[in-house]
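# Topology and contacts: notes
Take a look at the letters that make up each chain.
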Amino acid sequence: MKKVILLSVSILVLIFACSKDDDGPIGGSSADLIGTWNLDYYVQNGTLTEEIICDELVEYVFSSNGTYKVTTFSGSTTKNCATAVQISGTWEDVGSNDYKLTPNGGTAGPALSITFQDNFKKFSSEVNASRTEVYAKK
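Our subject in this report is the structure included herewith. (Residues numbered from 1 in each chain as written. Predicted model: local features only at pLDDT ≥ 70, side-chain atom pairs only at ≥ 80, totals over all residues. Heavy atoms only, no water.)

Within strand β10 (residues 131-137), five of the seven residues are buried, which leaves the element mostly enclosed by the surrounding structure. Pairing of strand β1 (residues 35-44) with β10 involves seven bridges; the strand directions are antiparallel. When the sheet's bridge partners are listed, Asn 38 is paired in β10 with Ala 136. Inspection of the sheet shows strand β9 (residues 122-128) paired to β10 by six bridges, in the antiparallel sense. In the strand pairing of β10, Asn 128 is matched with Arg 131. Where β9 folds back on β10, the antiparallel hairpin that results is connected by two residues. (Buried < 20%, exposed > 50% of the residue type's maximum accessible area, 1.4 Å probe, protein only. Helix = DSSP H or I, 4+ residues; strand = E, 2+ residues; numbered from the N terminus. Pairing = 2+ DSSP bridges.)

All right, on to the pairing of β1 then. When β1 meets strand β3 (residues 58-62), the two strands line up antiparallel, connected through four bridges. Following the sheet pairing, Trp 37 is matched in β3 by Tyr 60. In terms of strand pairing, β1 meets strand β2 (residues 47-49) through three bridges, oriented antiparallel. When the bridges of β2 are listed, Tyr 42 appears paired with Thr 49. Counting the residues that bridge the hairpin from β1 to β2 gives two residues, and of these Asn 45 lies at a positive phi of roughly 50 degrees.

A few words on the environment of Glu 56. Note on placement: Glu 56 falls in the loop between β2 and β3. Judged by relative accessible area, Glu 56 falls into the partly exposed class, the value being 23%. Taking the C-alpha atoms as reference points, Glu 56 and Leu 39, separated by 17 residues in sequence, lie 8.2 Å from one another.

Take the nonpolar core next. Residues Leu 33, Trp 37 and Phe 62 are the most contacted members of the largest nonpolar core, which totals 20 residues. Put simply, the parts of the chain that give this core at least two residues each are β1, β3, β4 (67-74) and β6 (98-103). (Core = buried A, V, L, I, M, F, W, Y, C linked by side-chain atoms within 4.5 Å.)

What follows deals with the pattern of salt bridges. One pass over the structure, following the stated rule, counts four salt bridges. Ionic pairing is found between Lys 122 and Asp 40, a salt bridge with its closest N-O pair at 2.8 Å. Of this pair, Lys 122 sits in strand β9 while Asp 40 sits in strand β1, placing them 82 residues apart in sequence. The exposure class of Asp 40 is partly exposed, given its relative accessible area of 26%. (Salt bridge = Lys/Arg side-chain N within 4 Å of Asp/Glu carboxyl O.)

As a further point, take the packing of aromatic side chains. Going through the model one piece at a time under the given rule, you end up with nine aromatic pairs. Plain terms: the ring middles of Phe 62 and Trp 91 are 6.0 Å apart, the flat faces sit at 90 degrees to each other, and that makes the pair edge-to-face. Of this pair, Phe 62 sits in strand β3 while Trp 91 sits in strand β5 (residues 82-95), and the two are 29 residues apart along the sequence. Take Phe 62 and Trp 91: they sit in the same class, and that class is buried. (Phe/Tyr/Trp six-rings, centres within 6.5 Å; stacked < 30°, edge-to-face > 60°.)

For the rest of this paragraph, the subject is the side chain of Glu 59. Following the sequence through the fold, Glu 59 ends up in strand β3. Using a relative accessible area of 14% as the deciding quantity, one classes Glu 59 as buried. Reaching out from Glu 59, the side chain makes a polar contact with the side chain of Lys 138 at a distance of 3.4 Å. With near-sequence residues (within four places) excluded, Glu 59 lies in contact with Thr 36, Trp 37, Asn 38, Lys 69, Val 70, Thr 71, Phe 73 and Lys 138. (Polar contact = N/O pair within 3.5 Å; in protein donor to acceptor, adjacent residues only side chain to side chain. Contact = heavy atoms within 4.5 Å.)

Here it is, written out as structure tokens:
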């Protein structure tokens, strides 16, 4: 149950993202999104967390054919993470750094808005007013 909640929160992170972080370029193209992205760090209620334990780890893989896969993991350390849940679907660039994610067998939520950082090596996503997550490209 914890993994389902974590996965739901992670998807909401991307769906309702709107970053206020201005330390990198905000423009980009769908080609910049293609690749594997792991949760690098997050800020919640003003507290920075850089050591991501397995239970918090989320990985997104965006492919050039318009498909994506999101994976959550389990474990109480930062090593030897086990796959907990995987969801696959399709993604579409709808312009202005907004992306529509549609899980297989589901319907798309609101567009995902991201802000690219560090020359497109990272992107930030605001989960809510108290939490922002930053993903790094592998």
